[in-house]
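# Inside the fold
Okay, here's what each chain looks like letter by letter:
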Amino acid sequence: MATIFVSDTSGDDGNSGASQAEAKKTITAARNVASDGDTIEIIDEATYNEFDINLRENFTIIHTASELGRPTINGGSSGFNGSRRIFIGNGTGGNGITLSGLHLTNANFLIFNSTDNLEGLTIQDCFVNDIQNISRFNMSGSSGDGKINFNQSSFFFLGSNAFVGSVNVNGYAEITNCFFSKSNAAPYDFYKQAILRSPDSSPNVTASFSTFIYRNGASSEPVIQDWAKVINCIVT
């Protein structure tokens with residue numbers, strides 16, 4: 001397993017990426033030389049205007065958040081009715097993904113998965129805003145390393161379709177110390193779908209010490225639906 005370094009400030013896509021001095025300039029270029037199990041480490045706090053970044057198995061994209069802030073990955077979505085995505089996790093890639101210390105914004109989907117097979121996704125210490133959904137289909141967590149984990153992250157969902165901002169997880173999932181805010185724009189500003197849902201009513205999904213706020217819409221569904229354990233959370 002290797003680490004590939006990225007810096008928009010000082011990098012060059014012609015570099016090897018093997019050290020900070022040889023950093024790549026774009027995340028896409030780093031991904032193209034990475035293998036399953038590798039880590040991409042972003043070493044600056046620049047804005048990366050990239051989308052459709054194909055993920056590999058057991059892949060980590062990380063930045064150690066500093067006082068200067070986080071690097072931004074901007075999907076550049078010009079509207080909320082398309083299918084712009086920052087990452088693609090379908091095919092043989094996309095399981096066992098860790099996203100850490102990042103600002104992720106402006107996309108219809110954070111991760112586009114073609115089927116209900118996105119296992120082992122970890123999002124920690126991230127700020128996610130102006131994104132319709134985390135994934136295209138349900139996330140299917142399994143025990144052990146396959147669990148879905150969200151920790152110390154904030155999610156601000158915004159969009160104009162009926163299914164914006166629903167975190168649908170089958171199997172195993174744990175959400176801890178997170179903030180979720182969801183708002184639908186016209187013409188779906190009347191529609192309220194759950195922020196958290198477990199389609200298979202799994203007993204192995206837990207949310208704790210987190211806040212869930214739905215900012216508009218009628219109460220067509222509860223904010224949290226079929227979620228087994230909700231511990232010390234604010235739900236409104």
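Heads up: these notes are all about the structure in this document. (Residues numbered from 1 in each chain as written. Predicted model: local features only at pLDDT ≥ 70, side-chain atom pairs only at ≥ 80, totals over all residues. Heavy atoms only, no water.)

## Considering the pattern of salt bridges
Per the stated rule, a full pass over the model turns up four salt bridges. With its nearest N and O atoms 2.8 Å apart, the salt bridge here joins D52 to R85. Within this pair, whereas D52 is found in the loop between β3 (47–48) and β4 (53–54), its partner R85 is found in strand β7 (residues 85–88), the two being separated by 33 residues in sequence. The partner of D125 in a salt bridge is R70, with the nearest N and O atoms 2.8 Å apart. Residue D125 is found in the loop between β10 (122–124) and β11 (127–135), and its partner R70 is found in the loop between β5 (60–62) and β6 (72–74); the two are separated by 55 residues along the sequence. (Salt bridge = Lys/Arg side-chain N within 4 Å of Asp/Glu carboxyl O. Helix = DSSP H or I, 4+ residues; strand = E, 2+ residues; numbered from the N terminus.)

## Here we look at unusual backbone geometry
For D130, which is not a glycine, the phi torsion comes out positive at approximately 55°. One can find D130 in strand β11. Since its relative accessible area comes to 27%, D130 is described here as partly exposed. Backbone geometry places F209, a non-glycine residue, at a positive phi of 50°. Relative to the elements of secondary structure, F209 occurs in the loop between β19 (205–208) and β20 (211–214). (Buried < 20%, exposed > 50% of the residue type's maximum accessible area, 1.4 Å probe, protein only.)

Interpretation note: all reported values are geometric properties and have no functional meaning in isolation.
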